[in-house]
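Spelled out from the first residue to the last, the chains are:
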Amino acid sequence: MNNEQRRKERLDRGIKVRTDGLYAIMSLRELCYLTVPRLVLIVGMLVLPLVMPSMYWQRVISIVCIYAFLALGFDFLAHFVGLVCLGGAFFIGVGGYLAAILNTFWGFPPLVTIPIATLLGGAICTLLLLPCLPLRGVYFAIVTLMYPLVLMRIIEALNILGGTDGIMGVASFANRWIEQYFVIVMVLLFLFGLRRLVNLDIGLVFRAVKDNDQAVRASGMNITFYKAIAVFVASALGCLAGACLVHMYMWSGISLFALDFSILPIAATVIGGAGTVVGPVLGCFILVPISELLRAFGTLRIVFYCLILVAFIVFRSEGIMVYGQRKYHQFERWVTI
Amino acid sequence: MNNQPILQVQEATKSFGGIVAVNRVSLDVHDGEILGIIGPNGSGKTTLINCVTGFIKMTSGKVLFRGKNISGKPAHKIADMGITRTFQIMRPYYSLPCYKNLVIPLFSPRAKRTGGWRGGGKLGDRDTVGIDILEEIGFERDSFVPYKIASTLPTGYLKRLELARCLALKPEIIICDEIFSGLSMGEIASMVPLIERLQMDGITLIMIEHRLRELFRVANRVMLLNFGEKVIEGSPEEVMADDKVKEVYFGSEEVEEVMSHA
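Now for a description of the structure that goes with this document. (Residues numbered from 1 in each chain as written. Chains lettered and ligands numbered in written order. Predicted model: local features only at pLDDT ≥ 70, side-chain atom pairs only at ≥ 80, totals over all residues.)

Taken together, the four strands give an open sheet; going across it, the order is 2-1-4-5 (chain B), and neighbouring strands pair in antiparallel fashion. Strand pairing shows two members of the sheet lacking a second neighbour, strand 2 (19-29) and strand 5 (68-69) of chain B, which therefore form its edges. (Pairing = 2+ DSSP bridges. Helix = DSSP H or I, 4+ residues; strand = E, 2+ residues; numbered from the N terminus.)

In many analyses, interface size is given as the accessible surface area lost on bringing the parts together. Across the contact, 22 residues belong to chain B and 16 residues belong to chain A. Considered class by class, the residues forming the side of chain B that touches chain A number 11 nonpolar, four polar and seven charged. (Contact = placed C-beta atoms within 7 Å. Nonpolar A, V, L, I, M, F, W, Y, C, P; charged D, E, K, R; others polar.)

Right, let's get into the packing of helix 3 (residues 55-81) of chain A against helix 12 (residues 278-293) of chain A. Residues and elements named next belong to chain A. Where helix 3 contacts helix 12, the axes come no closer than 8 Å and their chain directions differ by 140 degrees. With respect to helix 12, the axis of helix 3 lies oblique. Considering the relative orientation of helix 3 and helix 12, their crossing is right-handed. For the pair helix 3 and helix 12, contact is made by Val-60, Ile-63, Val-64, Tyr-67, Ala-68, Ala-71, Leu-72, Phe-74 and Asp-75 and by Pro-280, Val-281, Gly-283, Cys-284, Phe-285, Val-288, Pro-289 and Glu-292, respectively. (Axes fitted to C-alpha atoms, helices over the stretch in contact; angles between N-to-C directions. Parallel < 35°, antiparallel > 145°, perpendicular 65-115°, else oblique. Left-handed = near helix turned anticlockwise from the far one by under 90°.)

A few words now on the nonpolar core. The biggest cluster of nonpolar side chains holds 168 residues, and the ones touching the most others in it are A:Phe69 and A:Leu72. Element by element, the count of residues in this core is highest for helix 10 (residues 223-249) of chain A, at 16 residues. (Core = buried A, V, L, I, M, F, W, Y, C linked by C-beta atoms within 7 Å. Buried ≥ 20, exposed ≤ 12 C-beta atoms within 10 Å, placed from the backbone.)

With 16 residues, helix 12 of chain A extends 23 Å from end C-alpha to end C-alpha; this agrees with the ideal 22 Å at 1.5 Å per step. Elements that come into contact with the buried residues of helix 12 of chain A comprise helix 3, helix 7 (176-197), helix 11 (260-272) and helix 14 (320-329) of chain A. (Expected span 1.5 Å × (residues − 1).)

Across a sheet, strands are paired by hydrogen bonds formed along the backbone, either parallel or antiparallel in direction. Residue and element names in this part refer to chain B. Reading across the sheet, the six strands line up as 6-7-8-3-9-10 and stay open at both edges, with mixed pairing between neighbours. Only two strands of the sheet have a single neighbouring strand rather than two, namely strand 6 (83-85) and strand 10 (229-234). Direction aside, neighbouring strands of the sheet carry axes that sit 20 degrees apart on average. Note: strand 7 (residues 173-177) against strand 8 (residues 204-208), five bridges, orientation parallel. Among the inter-strand pairings, Ile-175 is bridged to a residue of strand 8, identified as Ile-206.

Right, let's get into unusual backbone geometry. Positive phi, normally seen in glycine, also occurs at A:Val277, with a value near 65 degrees. Mapped onto the fold, A:Val277 is located in the loop between helix 11 and helix 12. Residue class for A:Val277 comes out buried when judged on the 26 C-beta atoms lying within 10 Å of it. Of note in the backbone geometry, B:Phe227 takes a positive phi value of approximately 50 degrees without being a glycine.

Interpretation in functional terms is not warranted from these geometric data alone.
Structure, rendered in structure tokens:
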């Protein structure tokens, strides 16, 4: 029998050791080391609409971005504030209906309705979620899952806001390029914005609320206030996604409250790598196109989709981004012990 | 010491269902003194300070801070006034490096108002201020320790980190919940001068403690709790001399037995 055991040794790369969190760039090579991954993402996303073969696939890219907003919001709330929020559909619905109302009743153009729907929607969602903020863990998750269902049934039962028909005749973007690049640039802005936010002092407070909310109270800070700010950020992201979606489809209906918008961002976060902020966006870029490709299988589509999800979770449960970051920042070698 | 106590607790009572955890306990703490609270497990020490700091609501009774009624206020408001506490089970922010742990209290309204560490001036870079506080509390500045993730630290450092979190708020009162427990004799020996220095800086301390020897060395007054009621209160010498302490800690029969053998 072979008694020799092997173990994988991991060593941080030199620049990583020296610059962890603080960049002191000393050569062109190190500059590349830091900027190339970011540039690949930014340039890649900007070029993507140009290389898509058809309008259909361009629309898929837009949908990916819609889900990316939600996944960013979910990752931020769950892994930096400690609130697992299943209310993606709620945010989409509120933002979407607000944009549709502003556009059809008052005739505001999309580039006006979207910012208003984002901010106002964020405020409305935060106000409605305010009573639930003292809840933690699975309780908060369950309550947020209820919100979209409640709103959907209210619209259906009272037959307001177009009832089951929805609001039709919403204006579209001026042309499809504006539509494409608007969502892509927004995703990039919020991606890097959130990464900056969680490392600011207020971001540290958010992370502290996740780690230990009692200690934050003992430090003389109102945790409900900070949770409300975080929920506002995440729900504004969701409302932005909803508003864009409504202007893309030129229609707003109760299907905006569909469970997809709550669940798919979570799957994307798990696959992409939780707590990395970039990971969830990558997760969306994998999951949504896969779901489109699988349309060829007809009704078996969901089966294959589930198989792929299961495979990811079983074999790469840490997420692509966490795996990738480790490979990028560390040397690995086998050593015998 | 002036006559107005900095903190007064009047007839504090807390009952959980039928169990009365704290029963009509009154105490006065004067400016700049160290009050020790002792008592066997389950005697209501931690519940009492949870009531004082607003982490749980009192069933009845009153807490006065500099003559102002603060009972029923939320915990963060009470901390904002300058009554800070450490936790018996340490509550650091495990995923953050030590000095980043202090950014959170330094970000609080109180720290912003009081203008930062060592008084006066605008609060500078919170990271730097955090490392300063850590050094003051016994983290070696030039070592890796202040930069390590809090979850990798041993108990001794975590206890100090708890104290540092209180200090970052520039408190008037620090309530230490078993700051010595779980520490080695060496660690305690280095902690005692720290407590004495805090007192010299004019901070009032309330210390819940099981380590009676060290507590009696630093405390000005000691109070004994048993079954949620105050048994005796007095100077450490008085309390040490009192038979009731042995009775509470060892049970009365045993004391009689020991006495009869002697």
